[in-house]
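# Report on the structure
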Amino acid sequence: MAPPRNVVKIAIKMRDAIPQLIQLDQAKPLAAVLKEVCDAWSLTHSERYALQFADGHRRYITENNRAEIKNGSILCLSTAPDLEAEQLLGGLQSNSPEGRREALRRLVPLASDMIFAREVISRNGLQILGTIIEDGDDLGEVLALSLRAFSELMEHGVVSWETLSIPFVRKVVCYVNMNLMDASVPPLALGLLESVTLSSPALGQLVKSEVPLDRLLVHLQVMNQQLQTKAMALLTALLQGASPVERKHMLDYLWQRNLRQFIYKNIIHSAAPMGDEMAHHLYVLQALMLGLLEPRMRTPLDPYSQEQREQLQVLRQAAFEVEGESSGAGLSADRRRSLCAREFRKLGFSNSNPAQDLERVPPGLLALDNMLYFSRNAPSAYSRFVLENSSREDKHECPFARGSIQLTVLLCELLRVGEPCSETAQDFSPMFFGQDQSFHELFCVGIQLLNKTWKEMRATQEDFDKVNALTYGEVLRLRQTERLHQEGTLAPPILELREKLKPELMGLIRQQRLLRLCEGTLFRKISSRRRQDKLWFCCLSPNHKLLQYGDMEEGASPPTLESLPEQLPVADMRALLTGKDCPHVREKGSGKQNKDLYELAFSISYDRGEEEAYLNFIAPSKREFYLWTDGLSALLGSPMGSEQTRLDLEQLLTMETKLRLLELENVPIPERPPPVPPPPTNFNFCYDCSIAEP
């Protein structure tokens with residue numbers, strides 16, 4: 001007979017004792033369970049003990065998280081968190097260096113547990129650790145362990161980073177600026193200062209004034225990935241906290257010190273693979289670089305600005321210097337104005353007064369900057385572009401100015417110029433670290449491709465208006481529909497064949513999604529305060545009955561199923577939530593900076609005893625989001641409705657249809673099935689098998 005639903009079979013172990021195999025009744029109070037376990041080992045004062053998970057981070061078990069105990073879980077009996085905290089803090093205050101070191105070694109792995117952390121913090125544990133860090137008597141292992149424990153305790157958010165004292169922050173800054181023998185100290189000090197900078201504007205200004213940029217450059221040039229990552233993290237945090245003017249000065253100084261070239265050669269193209277955390281910080285640095293373009297993008301051209309009018313004239317003269325200047329010499333003012341207006345029209349401005357075209361925001365003055373950069377740095381290509389189109393028929397000329405304005409808008413949208421940095425994105429482009437003025441260089445390539453494509457398509461002004469009126473996705477869909485019509489793929493017989501193939505191909509996609517879940521994915525933990533360095537791994541068991549997950553370190557190889565401590569039975573899963581419906585996204589609010597979280601967030605609601613609980617995810621990319629939500633939907637028996645499924649299904653349908661129709665190549669397929677011929681006048685051709693042959 002199967003045990004009741006609220007009873008689980010577990011093992012409990014203790015040092016120097018034979019493990020106990022018990023049936024844990026989840027309805028029984030935890031204190032009563034502890035009393036029975038202690039009695040079995042003849043231990044008195046059961047209130048001095050607590051249960052911990054034996055695997056992972058050895059979290060203490062309370063009434064709130066006891067529902068996570070599953071069949072087969074292994075627990076261990078240990079000292080209660082309040083007594084453990086008292087013992088360890090007593091060890092930290094001892095006069096024995098070895099006793100202090102041993103207490104820190106035991107404290108660090110427990111500091112990530114919220115229950116234990118509250119006990120330590122309530123007993124002034126942060127102040128005790130802060131004193132050890134400020135005294136700096138031991139600059140080796142003791143200091144490293146103290147910094148790690150302090151950061152772990154602060155991560156719980158029980159105490160605000162803004163409460164840290166200025167002398168404490170300055171002492172941590174000293175550890176960043178010093179040349180220490182112990183290589184483990186600087187990364188920890190840098191990580192702590194990053195948290196301070198992101199959480200407290202006032203202390204962030206102190207860090208900015210005390211940590212020279214040159215010192216961060218020194219740390220970045222050390223061939224140590226952990227040190228480089230933490231130095232880059234603090235650098236991006238300082239840049240994010242600076243004003244736009246300060247940020248520009250800081251980036252200009254860093255580029256003068258060849259940081260861009262170093263990143264490109266020694267980090268992006270390093271022999272060692274780049275970690276996710278470094279990729280994120282390079283994305284943030286790229287976003288901050290592009291953010292410097294926002295003021296120009298948001299500023300319309302001022303028709304009363306003498307400087308901006310002169311820039312427009314420089315643009316015109318670079319294209320029509322010979323024609324314009326020679327033919328304009330000796331002309332009256334009215335005639336010269338008329339000639340300039342005509343030349344501006346030839347440049348592709350919609351109005352004879354180009355200021356009216358550049359009043360659009362975005363792209364504002366950024367479009368003018370791009371056109372001037374192109375004319376100055378690629379004068380031959382610029383002149384060829386303008387003169388080629390001036391000699392074409394009116395309807396076939398490619399408008400340089402209109403194309404430049406629209407291309408600048410498109411680049412700003414694609415590169416998200418001026419948008420807040422994402423907390424999870426890692427999609428930086430090496431191009432922006434490969435050369436100076438990358439945005440303008442990208443424009444130069446794009447505008448020449450526009451002219452080339454315009455000529456090849458023999459496009460007209462009407463096409464330009466259509467492209468501006470439609471999104472890129474709509475244009476692609478229109479082109480795909482036209483191609484399908486040309487190939488005859490939309491003929492009724494073909495559509496009927498495609499419908500018959502769909503179930504089989506959807507089954508193939510479902511199989512691929514579940515295999516992807518079995519491979520597993522590394523997810524990043526996101527707090528309500530900042531992006532964290534902590535990772536966790538989740539995968540589906542080969543029999544598709546369990547989701548197994550657990551924490552892991554960055555750079556570690558994928559864990560085995562046996563090493564993952566947590567399990568979620570698929571049978572307990574209720575529903576899949578995405579976007580703003582996820583509880584961990586609702587907690588972060590609805591600010592614009594959290595838009596990326598909405599797009600990548602999903603949660604699984606499941607039964608935990610009689611309560612509903614959630615397993616929350618932030619996908620590392622949009623593709624992973626689609627794969628996981630499709631796979632989880634398949635496990636729940638729901639349809640897979642992601643954009644990736646639609647694309648995969650269309651690709652498979654196209655391939656399978658073409659394979660089925662190979663024998664009919666160049667054979668026209670009728671729109672309607674051919675008529676069935678009339679029956680024959682007689683059936684004498686039929687052979688009667690019942691008649692025996694002589």
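Residues numbered from 1 in each chain as written. Predicted model: local features only at pLDDT ≥ 70, side-chain atom pairs only at ≥ 80, totals over all residues. Heavy atoms only, no water.

### Section: helix α19 (residues 379-390)
A rise of 1.5 Å per residue sets the reference length of α19, with its 12 residues, at 16 Å; its end C-alpha atoms lie 16 Å apart and thus fit the reference within 8%. Buried within α19 are the following residues: A381, Y382, F385, V386 and N389. Along the long axis of α19, the arc covered by the buried residues comes to 125 degrees, so they all point the same way. (Helix = DSSP H or I, 4+ residues; strand = E, 2+ residues; numbered from the N terminus. Expected span 1.5 Å × (residues − 1). Buried < 20%, exposed > 50% of the residue type's maximum accessible area, 1.4 Å probe, protein only. Arc of directions from axis to C-beta.)

### Examining the sheet that holds strand β3 (residues 49-53)
Strand order across the open sheet formed by 4 strands is β2-β1-β4-β3, with mixed pairing between neighbours. In this open sheet, the two strands that pair with only one neighbour each are β2 (20-25) and β3. Strand-to-strand twist in this sheet, taken as the mean axis angle between neighbours without regard to direction, amounts to 40 degrees. Direction of pairing for strand β1 (residues 7-13) relative to β2: antiparallel, over a ladder of 6 bridges. When the bridges of β2 are listed, I12 appears paired with Q20. Running at roughly 100 degrees to β3, helix α1 (residues 30-40) makes contact with β1, β2, β3 and β4 (74-79) of the sheet. (Pairing = 2+ DSSP bridges. Axes fitted to C-alpha atoms, helices over the stretch in contact; angles between N-to-C directions. Contact = heavy atoms within 4.5 Å.)

### Considering the packing of helix α18 (residues 365-377) against helix α20 (residues 400-415)
Running from amino to carboxyl end, α18 crosses α20 at an angle of 115 degrees, the nearest separation of the two axes being 9 Å. For the element pair α18 and α20, the recorded crossing hand is right-handed. Across from L366, A367, N370, M371 and F374 in α18, the residues of α20 making contact are F400, A401, S404, I405, T408 and C412. Grouping the constituent residues of the contact of α18 with α20 by class yields 8 nonpolar, 3 polar and no charged. (Left-handed = near helix turned anticlockwise from the far one by under 90°. Nonpolar A, V, L, I, M, F, W, Y, C, P; charged D, E, K, R; others polar.)

### Some points on the sheet that holds strand β9 (residues 573-578)
Adjacent strands of a sheet form backbone hydrogen bonds with each other and so pair up, either parallel or antiparallel. The 3 strands are arranged β9-β10-β11 in an open sheet whose pairing can be described as antiparallel. For this open sheet the edge positions go to β9 and β11 (611-618), each flanked by a neighbour on one side alone. On average, adjacent strands in this sheet sit at an angle of 20 degrees to one another, irrespective of strand direction. Where β9 and strand β10 (residues 601-608) come together, 5 bridges link them in antiparallel fashion. Bridged to L577 within β10 is S603.

### Quick word on the packing of helix α11 (residues 225-241) against helix α13 (residues 259-268)
Viewed as axis vectors pointing N to C, α11 and α13 meet at an angle of 145 degrees, and their least axial separation amounts to 14 Å. Every pair of crossing elements has a handedness; the one defined by α11 and α13 is left-handed. The residues of α13 that touch α11, namely those facing Q228, M232 and L235, are L259, F262, I263 and I267.

### Thoughts on the side chain of H281
Take H281: it is sitting in helix α14 (residues 276-291). Given a relative accessible area of 3%, H281 falls into the buried group.

### Looking at the pattern of salt bridges
The full count for this structure, using the stated rule, is 36 salt bridges. Between E210 and R170 there is a salt bridge; the shortest N-O distance is 3.3 Å. Note that E210 is positioned in helix α9 (residues 201-210) and R170 in helix α7 (residues 166-177), a separation of 40 residues in sequence. Among the ionic pairs, D648 bridges to R513, the shortest N-O distance being 3.0 Å. Linking D648 in helix α29 (residues 643-660) with R513 in helix α25 (residues 492-519), this pair joins segments that are 135 residues apart in sequence. (Salt bridge = Lys/Arg side-chain N within 4 Å of Asp/Glu carboxyl O.)

### Concerning helix α10 (residues 213-220)
Each turn of an α-helix holds 3.6 residues, which means side chains three or four residues apart point in the same direction. Of all the 8 residues making up α10, 6 are buried; the element is thus mostly covered by neighbouring parts of the structure. Along α10, the residues that are buried comprise L213, R215, L216, L217, H219 and L220. In this structure, the buried residues of α10 make contact with α7, α8 (185-199), α11, α12 (244-256) and α13.

### Structural notes on the environment of M278
Counting through the fold element by element, M278 comes out in helix α14. Between the C-alpha atoms of M278 and Q225, which are 53 residues apart in sequence, the distance is 8.7 Å.

### Quick word on the side chain of S404
With respect to the element layout, S404 can be found in helix α20. Leave out the neighbours within four places in its chain, and S404 touches M371, F443 and I447.

### Let's talk about the packing of aromatic side chains
How two aromatic rings sit relative to each other is set out by the distance from centre to centre and by the angle between their planes. Per the stated rule, a full pass over the model turns up 17 aromatic pairs. Aromatic side chains F150 and F168 sit 4.8 Å apart centroid to centroid with 35 degrees between the ring planes, which places their arrangement in the tilted category. Of this pair, F150 sits in helix α6 (residues 141-154) while F168 sits in helix α7, and the two are 18 residues apart along the sequence. Each of the two residues, F150 as well as F168, counts as buried. Arranged with centres 5.9 Å apart and planes meeting at 70 degrees, the rings of F602 and F625 form a pair that is edge-to-face. Residue F602 is found in strand β10, and its partner F625 is found in helix α28 (residues 622-635); the two are separated by 23 residues along the sequence. The buried category is assigned to F625, whose relative accessible area is 9%. Each member of the aromatic cluster is reached from another via a ring pair, and the members are F523, W536, Y549, F602, F617, F625, Y626 and W628. Sitting above the plane of the F625 ring, K622 keeps its charged end 4.8 Å from the centroid. (Phe/Tyr/Trp six-rings, centres within 6.5 Å; stacked < 30°, edge-to-face > 60°. Lys NZ or Arg CZ within 6 Å of the ring centre and 35° of its normal.)

### Describing unusual backbone geometry
One can expect most non-glycine residues to show negative phi and most peptide bonds to be in trans. The omega angle of the peptide bond from V361 to P362 is -15 degrees, so this bond is cis rather than trans. Looking at the secondary structure, you find P362 in the loop between α17 (333-346) and α18. The omega angle of the peptide bond from P362 to P363 is 15 degrees, so this bond is cis rather than trans. Assignment of secondary structure puts P363 in the loop between α17 and α18. In this structure, S42 takes a positive phi of about 60 degrees despite not being glycine. Tracing the backbone through its elements, the reader meets S42 in the loop between α1 and β3. Classification of S42 by relative accessible area gives exposed; the value is 65%.

### Observations regarding the confidence of the model for the protein
Here the protein averages 86 in pLDDT, and 88% of its residues register 70 or above. A low-confidence stretch, residues 323-327 stays under pLDDT 50, and its non-local contacts, those more than four residues away or across chains, total 10 contacts. The low-confidence segment residues 528-532, where pLDDT is below 50, has 22 contacts with residues more than four positions distant or belonging to other chains. (pLDDT = per-residue confidence, 0-100.)

### Comments concerning the pairing of β1
In terms of burial, β1 is largely enclosed, as 5 of its 7 residues are buried. Between the antiparallel neighbours β1 and β2 lie 6 residues, among them D16 with a positive phi of about 60 degrees. For β1 and β4, the ladder comprises 3 bridges, and the chain directions are parallel. When the sheet's bridge partners are listed, K13 is paired in β4 with C76.

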